[in-house]
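Here are the chains, one letter per residue:
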Amino acid sequence: AGGLFQAYTRQLDSFSRSMHALQTMRIFCKGRDALEQHSSVFDFDPGKIVISVRNTGLCGTELMDRLLRHYRIQLELGAGDYAIAMTSICDTPEGFRRLGRALKEIDAALSFQPEPPAHNIPSSLPDIVLPIAHAQAQKGHFVPLAQSAAQISREYIFAYPPGIPLIAPGERISPQILNSFSSLANRCVPLKSTYGHMPREINVTA
């Protein structure tokens, strides 16, 4: 087991060195990125390859789809401005080389595209109009998301990741909440809801 882990560590180190070639994408704590550049991070799992596509014009889900469609490489997760590849002692040197070649090829076709700051979280909490159980017990109907401002939600809306509700049943839908939904959707962060109609429409009290 010790030999396998040592070989795995060498593969991760070799992959990290090869990622110095990236010009636009970044790999968290690999390539030209280092732990010292992240003052708020105490430590990290070197086996999780976190690929940042910030300021590239891509989003994480697009990178994930491109790697699967064109390179037959399946990532663990793609969302917002990052994607994650999970690795283990079972991964072969050829697997690491394939991922490295694919990322460098994709990166070579990208250019730096500054993005405005994302406002994903409203500056204030939604107003609670009804207790959750009361809101859920009321009759409801679906309205287009863009036309839902000032109405009372009958469902939970959350972004995954991280899966924390942005609004709950009984809370008023504010313009700030709608702006955060729009910002998340534009960054390819999946919006989930109780009834599964997001981001097209939301269930509100009648």
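As the structure is a prediction and not an experimental result, all values here were calculated from the model. (Residues numbered from 1 in each chain as written. Predicted model: local features only at pLDDT ≥ 70, side-chain atom pairs only at ≥ 80, totals over all residues. Heavy atoms only, no water.)

**Student:** Outline the pattern of salt bridges, supporting the account with residue identities and numerical values.
**Tutor:** Using the criterion set out here, one finds 3 salt bridges in the structure. Close ionic contact of Arg54 with Asp81 constitutes a salt bridge, the shortest N to O distance being 2.9 Å. One end of the pair, Arg54, is in the loop between β2 (48-52) and α2 (60-71); the other, Asp81, is in the loop between β3 (77-79) and β4 (82-86), and 27 residues separate them in sequence. For Asp81, a relative accessible area of 13% gives the class buried. Among the charged side chains, a network of salt bridges with common partners joins Glu94, Arg97 and Arg101. (Salt bridge = Lys/Arg side-chain N within 4 Å of Asp/Glu carboxyl O. Helix = DSSP H or I, 4+ residues; strand = E, 2+ residues; numbered from the N terminus. Buried < 20%, exposed > 50% of the residue type's maximum accessible area, 1.4 Å probe, protein only.)

**Student:** Can you lay out the environment of Glu155 for me, pointing to particular residues and giving the numbers?
**Tutor:** By the secondary structure assignment, Glu155 is in the loop between β5 (140-144) and β6 (157-159). Taking the relative accessible area as the measure of exposure, Glu155 reaches 0% and is therefore buried. For Glu155, the residues in contact, after removing those within four places along its chain, are Phe142, Ile167, Ala168, Pro169, Ser193, Thr194, Tyr195, Gly196, Glu201, Ile202 and Asn203. Engagement of the side chain of Glu155 in a polar contact is seen with the backbone nitrogen of Tyr195, the distance being 3.0 Å. (Contact = heavy atoms within 4.5 Å. Polar contact = N/O pair within 3.5 Å; in protein donor to acceptor, adjacent residues only side chain to side chain.)

**Student:** So, the pairing of β4: which residues are in play, and what are the values?
**Tutor:** In this sheet, β4 lies alongside β2 in antiparallel orientation, the contact comprising 5 bridges. The residue bridging Ile51 from the neighbouring strand is Ala83, located in β4. Pairing between β3 and β4: 3 bridges, direction antiparallel. Note that in β4 the partner of Leu77 across the bridge is Ile84. Two successive antiparallel strands, β3 and β4, enclose a turn made up of 2 residues, where Gly80 displays a positive phi of approximately 55°. (Pairing = 2+ DSSP bridges.)

**Student:** Any chance you could break down the sheet that holds β6 for me, citing the residues and the numbers?
**Tutor:** Spatially, the 3 strands line up as an open sheet ordered β7-β6-β8, and their pairing is antiparallel. Each edge of the sheet is formed by a strand with only one pairing partner; in this case those strands are β7 (165-167) and β8 (191-193). Going across the sheet, the axis of each strand differs from the next one's by a mean of 35°, ignoring polarity. Across 2 bridges, β6 lies against β7 in antiparallel orientation. Among the inter-strand pairings, Ile157 is bridged to a residue of β7, identified as Ile167. Helix-sheet contacts for helix α5 (residues 175-186) involve β6, β7 and β8, and the interaxial angle to β7 is about 135°. (Axes fitted to C-alpha atoms, helices over the stretch in contact; angles between N-to-C directions.)

**Student:** For the sheet that holds strand β1 (residues 26-27), give the residues involved together with the corresponding values.
**Tutor:** Spatially, β1-β2-β4-β3 is the arrangement adopted by the 4 strands of the open sheet, whose pairing is antiparallel. Of all strands in the sheet, those bounded by a partner on one side alone are β1 and β3. Relative to β2, β1 is paired through 2 bridges, and the arrangement is antiparallel. Each bridged residue has a counterpart across the sheet, and for Ile27 the counterpart in β2 is Ile51.

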